[in-house]
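Structural overview
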Amino acid sequence: MLRLGKAPERAVILLFDDGYKDFYNAAYPILQKHGLTATVAVITEKIDVGGYLSEADINELLNNGFEIVSHTHSHPQLPNLGAESLHFELAESQKILKEKFGIDTKALVYPVGKLQLHGDSSREGLL
Ligand SMILES: [Zn+2]
């Protein structure tokens, strides 16, 4: 989506988070049938874990034009984390996406939709 630099008029972004296996089994074939792609936000510690996308699934998605972005490493509620844990969640996820798939992404889908800029509880809210 971001690779094009400019969205076409009336653009729609399809975003699936968590990287569940049922995305691959149910949604992916339907999207393909209609010539659509989507963005999938994966929890990197869940790759190859039962019920979640495997490395092979993700490679297939990438080869078919799907975009993979970060949904952190372990899906914590980010406002609850200290600075060190927050850095780990973001950096580890980016590192794994780069090492396993060659993905260089700065895109992050916040787990549980919670956003809080560090140290400012008034900014917490749903995205
Ligand atoms: Zn999630």
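Computed from a predicted structure; not experimentally measured. (Residues numbered from 1 in each chain as written. Predicted model: local features only at pLDDT ≥ 70, side-chain atom pairs only at ≥ 80, totals over all residues.)

1. Examining the pairing of strand β2 (residues 39-42)
One ladder, built from four bridges, connects strand β1 (residues 15-18) with β2; its direction is parallel. Its bridge partner lying in β2, D18 is registered against V42. The parallel pair β1 and β2, bridged by helix α1 (residues 21-33), forms a crossover whose chirality is right-handed. Sheet topology note: the β2/strand β3 (residues 67-70) ladder contains four bridges and is parallel. Bridge pairing links V40 to I68 in β3. Handedness of the crossover is the feature at issue here: the chain leaves β2, passes through helix α2 (residues 55-63), returns alongside β3, and the resulting connection is right-handed. (Pairing = 2+ DSSP bridges. Helix = DSSP H or I, 4+ residues; strand = E, 2+ residues; numbered from the N terminus. Right-handed = clockwise from strand over helix to strand, strands pointing away.)

2. Quick look at the nonpolar core
Counting residues in hydrophobic clusters, the biggest one holds 16 residues, and the most contacted among them are F23, V40, V42, L53, I58, L61 and I68. Looking at this core, the elements that each hand over two or more residues are α1, β2, α2 and β3. Setting aside its immediate chain neighbours within four residues, V40 contacts F16, G19, F23, L61, F66 and I68. (Core = buried A, V, L, I, M, F, W, Y, C linked by C-beta atoms within 7 Å. Buried ≥ 20, exposed ≤ 12 C-beta atoms within 10 Å, placed from the backbone. Contact = placed C-beta atoms within 7 Å.)

3. Considering the environment of N59
Here N59 shows up in helix α2. Expressed as a C-alpha distance, the spacing of N59 and K100, which sit 41 residues apart in the sequence, is 9.3 Å.

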